[in-house]
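What follows is the residue order along each chain.
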Amino acid sequence: TIVELVEQLEERHYAKLAYDDTLSSQHLDNYIDDLDPSKMFFLAVDIEEFEQYRTVMDDQLPKGKLDAGYHIFNRFQQRLEQRLEQLIETLPASVAAMDFERDENYLLDVDLRQWADNDKELDDRWRKQIKNQVLQLRLADKEEEDIVPTLEKRYANQLNRVKQYKSQDVFQIYANALTELYDPHTNYLSPRRSENFNINMSLSLEGIGAVLQMEEEYTKVARLVAKGPADKQGELQPSDRIVAVGQGDHGELEDVIGWRLDEVVQLIRGPKDSTVRLEVIPAKSKSTDQRKIITIVRNKVKLEEQSAQKEILEIPDGDQVIKVGVIDIPAFYIDFDAMRRGDKEYKSTTRDVKKLLQELQDEGVDGIIVDLRSNGGGSLQEANELTGLFIEYGPTVQIRH
């Protein structure tokens, strides 16, 4: 993958940058900065050791060698785990010993920080960091007895996340540290992130229609997609905690407590008409021992709440009422796969907005507002096609590649 990525960047990227010693040097700095931007884990001796890779990464990557990326990440993970485990263990005593009458400074601008020369220097940097966080929690009116548990939970979650990193995650950080040097919007997407990108663009997936989130070590149901399989089945409820997932009517239930969210999602998603079984702790359960098994048949899930929507505002104007149609467009989405297959009913922003415009005109609105305030972008093709609904002819965008 990395060989093909370097070839694509050098041969097809608009910037026409060669991955040479200069870019290799920038890649190293960018990668280290992506891992430890606050200079709170690596020591100066680590950074000095990494200098051996400064002008050789451009020789390694085109040959498929990822030694530098994984060596640097392994050291980062080692430093982070040691630091956070020590921190969590000593946090109650450290906070209790803090002297808030002492006059001292803490450098907040990370760009002005230098790499710590030794553990003692880094220990003091962390002492000030924790002290600063305690002060912030006090200023936020946090109860004194809740401050240590809050910080313990914060660092335990960070520790748990980094322990769950896999080779694919490391590769993604390493690859993007390079692609970002070409321009901020060129990114490598791992297979899982690529799948999520396609779902967001097409506003559809095959699964059960539940939005999940992590709560400590549990996967919790945040909400159900209206009219999705889980919503129609009726048993799964918001705030239920999923503790195991089984495939089919008789597949073994696999315990997912402590799993990464994306891995649990991957188990639950699946082809239309297939069955998934969820063992959950119902939201209303008084203890974690109360469990129930819910069987759901997967289906196509339409993420309609993320598609263009309309409403009519009636605004008083003297003796009259002005009817204003508002079309909210949260993203420029399109189902590329369906379009390539020749599906005449493929999902797209322009097609949806065209229908909404006709509906608003049929309802006799006096004017229309297109609301793009929450729109983070998406398909350039769709942004341009949509403009064609309002402007008959003339240039709207120039593309050069």
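Bear in mind that the values here come from a model prediction, so they are computed numbers and not experimental data.

**Details of the packing of aromatic side chains**
- Applying the stated criterion across every chain yields a total of 10 aromatic pairs.
- Centroid distance Phe 42 to Phe 76: 5.8 Å. Interplanar angle 55°. Geometry classified as tilted. Placement of the pair is Phe 42 in the loop between α2 (21–35) and α3 (44–50) and Phe 76 in helix α5 (residues 67–96), with a sequence separation of 34 residues. Across the pair, exposure class does not vary: Phe 42 and Phe 76 are buried alike.
- Each member of the aromatic cluster is reached from another via a ring pair, and the members are Phe 41, Phe 42, Phe 50, Phe 73, Phe 76, Trp 115, Trp 126, Tyr 155 and Tyr 165.
- Positioned above the aromatic ring of Phe 100 is the side chain of Arg 138, whose terminal nitrogen or guanidinium carbon lies 4.2 Å from the ring centre.
- Between Arg 351 and the ring centre of Tyr 346, over which it is positioned, the NZ or CZ distance is 4.9 Å.

**Section: the confidence of the model for the protein chain**
- Mean pLDDT over the protein chain stands at 91; residues scoring 70 or higher make up 100%.
- Averaged pLDDT values over the elements of the protein chain bottom out at 82 in helix α9 (residues 191–202) and peak at 97 in α3.

**With respect to the side chain of His 13**
- Its location among the elements puts His 13 in the loop between α1 (2–12) and α2.
- Here His 13 falls in the buried class, since its relative accessible area comes to 13%.
- Among the polar contacts listed, one links the side chain of His 13 to the side chain of Asp 183, at a separation of 2.8 Å.
- In this structure His 13 touches Gln 8, Tyr 182, Asp 183 and Thr 186, once residues within four positions along its chain are discounted.

**Quick look at the packing of α5 against helix α8 (residues 167–182)**
- Taken N-terminus to C-terminus, the directions of α5 and α8 make an angle of 110°; their axes are 10 Å apart at the nearest point. When the axis of α5 is compared with that of α8, the two are roughly perpendicular. Remark: the crossing between α5 and α8 carries right-handed chirality. In this structure, α5 contributes Ala 68, Gly 69, Tyr 70 and Phe 73 to the contact, and α8 contributes Ser 167, Val 170, Phe 171 and Tyr 174.
- Residues of the contact of α5 with α8, tallied by class, amount to six nonpolar, two polar and no charged.

**Concerning the environment of Thr 55**
- Here Thr 55 lies in the loop between α3 and α4 (57–60).
- Of the residues examined, Thr 55 reaches a relative accessible area of 38% and is grouped as partly exposed.
- Measuring from C-alpha to C-alpha, the distance between Thr 55 and Leu 23 comes to 8.5 Å, with 32 residues separating the pair along the chain.
- When residues no more than four places from it in sequence are discounted, the contact partners of Thr 55 are Asp 21 and Ser 24.

**A look at the nonpolar core**
- Formed by 52 residues in total, the largest nonpolar core has its most connected members in Phe 42, Ile 72, Trp 126, Ile 130 and Leu 178.
- At the level of elements, α1, α2, α3, α5, α6 (119–139), α7 (144–163) and α8 are the ones that each hand at least two residues to this core.
- In terms of residue count, α5 provides more of this core than any other element does, nine residues in total.
- Leaving out residues up to four positions away in the same chain, Ile 72 has contacts with Leu 28, Tyr 31, Ile 32, Leu 35, Phe 42, Phe 50 and Tyr 53.
- Membership of the second largest hydrophobic core comes to 18 residues, among which are Leu 236, Ile 242, Val 256 and Ile 268.

**Observations regarding α6**
- Between its first and last C-alpha atoms α6 spans 30 Å; for 21 residues at 1.5 Å apiece the expected length is 30 Å, and the two agree.
- Within the sequence span of α6, burial applies to Leu 122, Arg 125, Trp 126, Gln 129, Ile 130, Lys 131, Gln 133, Val 134 and Leu 137.
- Between a side-chain oxygen at the N-terminus of α6 and the backbone nitrogen of Lys 120 the separation is 3.2 Å; the capping residue is Asn 118.
- Of the residues one or two after α6, Asp 141 is the one with positive phi, at around 65°.

**Some points on unusual backbone geometry**
- You will see that Lys 39, though not glycine, has its phi angle at about 55°, which is positive.
- By secondary structure assignment, the location of Lys 39 is in the loop between α2 and α3.
- A positive phi angle is found at Asp 273, which is not glycine, with a value near 75°.
- Tracing the chain through its elements places Asp 273 in the loop between α11 (261–268) and β6 (275–281).
- Here Asp 273 falls in the exposed class, since its relative accessible area comes to 58%.

Reading the values: the criteria
- Residues numbered from 1 in each chain as written.
- Predicted model: local features only at pLDDT ≥ 70, side-chain atom pairs only at ≥ 80, totals over all residues.
- Heavy atoms only, no water.
- Phe/Tyr/Trp six-rings, centres within 6.5 Å; stacked < 30°, edge-to-face > 60°.
- Helix = DSSP H or I, 4+ residues; strand = E, 2+ residues; numbered from the N terminus.
- Buried < 20%, exposed > 50% of the residue type's maximum accessible area, 1.4 Å probe, protein only.
- Lys NZ or Arg CZ within 6 Å of the ring centre and 35° of its normal.
- pLDDT = per-residue confidence, 0-100.
- Polar contact = N/O pair within 3.5 Å; in protein donor to acceptor, adjacent residues only side chain to side chain.
- Contact = heavy atoms within 4.5 Å.
- Axes fitted to C-alpha atoms, helices over the stretch in contact; angles between N-to-C directions.
- Parallel < 35°, antiparallel > 145°, perpendicular 65-115°, else oblique.
- Left-handed = near helix turned anticlockwise from the far one by under 90°.
- Nonpolar A, V, L, I, M, F, W, Y, C, P; charged D, E, K, R; others polar.
- Core = buried A, V, L, I, M, F, W, Y, C linked by side-chain atoms within 4.5 Å.
- Expected span 1.5 Å × (residues − 1).

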